[in-house]
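# Tertiary structure, described
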Amino acid sequence: IKMLEDERKGLMQPGQDLVVAGLIGRPGTMALAKGCREELSRWFSQSYIKGITESRETEVSRHLNDFRELGAAAFEPAGQGGILKAIWDLTGTCGVGAVFWLRRIPVGQDTIEVCERCGANPYRLWCGSCLVMAAENGGRIVETCESLGIPAAVIGQVTGGIAREMRHGEETGYLERPKEDELIRILGQEQASELLRGEERAESEV
């Protein structure tokens, strides 16, 4: 569902809302729960860990045409590298800046807890069914997502220039160039890929 670069030039304009639809880091969370099960079992029950590994996502991309009709001008699916890479890629391709709040990004409590125990950054963790979009009225997209059972939020706005300003509580910083995905950093490329392939097989069988 990626848009070609020349399709997106000029579509993002200062003042538009930045919207994230879908919980971030779900495949990464499930893979970490499997790959770090022994460590996590010191803190969580086996039934809790099993619930994470067997959870399933609501497919966000199937509603893309609905989002376009509601004013989504440009979008980027979040995948390897997490939601921060998706924001970096979308703004970079469109040649615009952004200001956004980390705490507004939809994230599951289990993702927060697993990442805390595994020493992972949830915002740089492998995403699955998750989109970041720019729209004139992001609130309309959020309302539609909520009616569909999809977590969503307006996380910030598109700005002029090229700076990506990132706010976290009282702190303000700037988004850095994408780093290695946290799943790969913690588990290694081979194990991460194996676990993700297993998740994809499970999804296809549902």
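Details of the structure are given in the entry above.
This report concerns the structure included in the present document. (Residues numbered from 1 in each chain as written. Predicted model: local features only at pLDDT ≥ 70, side-chain atom pairs only at ≥ 80, totals over all residues. Heavy atoms only, no water.)

### Digging into the overall build of the protein
Each helix and strand counted, the protein has ten helices and seven strands in total. A compact globule built from 206 residues would reach a C-alpha radius of gyration of about 17 Å, and the protein, at 17 Å, matches this within 12%. Based on the C-alpha atoms only, the size of the protein along its principal axes is roughly 50 × 35 × 30 Å. For the protein, buried positions account for 50% of its 206 residues. Only carbon and sulfur atoms are counted for the fraction: they give 46% of the accessible area of the protein, which is about 10,000 Å². (Helix = DSSP H or I, 4+ residues; strand = E, 2+ residues; numbered from the N terminus. Rg over C-alpha atoms; globule rule 2.2 N^0.38 Å. Buried < 20%, exposed > 50% of the residue type's maximum accessible area, 1.4 Å probe, protein only. Areas by Shrake-Rupley, 256 points an atom, 1.4 Å probe, with all protein chains shown as cover.)

### Quick word on the pattern of salt bridges
Applying the stated criterion across every chain yields a total of six salt bridges. As a salt-bridge pair, Glu182 and Arg185 come within 2.7 Å of each other at their nearest N and O atoms. With Glu182 and Arg185 both in helix α9 (residues 182-187) and three residues apart, the pair spans about one turn of that helix. Assessed through its relative accessible area of 44%, Arg185 is described here as partly exposed. (Salt bridge = Lys/Arg side-chain N within 4 Å of Asp/Glu carboxyl O.)

### Here we look at the packing of aromatic side chains
Applying the stated rule across the entire model yields one aromatic pair. On the numbers, 5.2 Å between centres and 45 degrees between planes, the contact of Phe44 with Tyr48 is tilted. Classification of Phe44 by relative accessible area gives buried; the value is 17%. Above the plane of the ring of Trp43 lies Arg117, whose end atom (NZ or CZ) is 3.6 Å from the centre. (Phe/Tyr/Trp six-rings, centres within 6.5 Å; stacked < 30°, edge-to-face > 60°. Lys NZ or Arg CZ within 6 Å of the ring centre and 35° of its normal.)

### Digging into the environment of Cys127
Here Cys127 shows up in the loop between α7 (109-118) and β4 (131-135). For Cys127, a relative accessible area of 4% gives the class buried. For the pair Cys127 and Thr29, spaced 98 residues apart in sequence, the C-alpha to C-alpha distance is 8.9 Å. Discounting residues that sit within four places of it in the chain, Cys127 has contacts with Ile24, Gly25, Pro27, Ala78, Gly79, Gly82 and Ile83. (Contact = heavy atoms within 4.5 Å.)

### So, the packing of helix α2 (residues 26-35) against α7
Running from amino to carboxyl end, α2 crosses α7 at an angle of 50 degrees, the nearest separation of the two axes being 10 Å. Between α2 and α7, the angle is such that the two are oblique. Note on packing geometry: the crossing formed by α2 with α7 is left-handed. Contacts between α2 and α7 pair Arg26, Thr29 and Leu32 from the former with Asp110, Thr111, Val114 and Cys118 from the latter. Grouping the amino acids of the contact of α2 with α7 by side-chain chemistry returns three nonpolar, two polar and two charged. (Axes fitted to C-alpha atoms, helices over the stretch in contact; angles between N-to-C directions. Parallel < 35°, antiparallel > 145°, perpendicular 65-115°, else oblique. Left-handed = near helix turned anticlockwise from the far one by under 90°. Nonpolar A, V, L, I, M, F, W, Y, C, P; charged D, E, K, R; others polar.)

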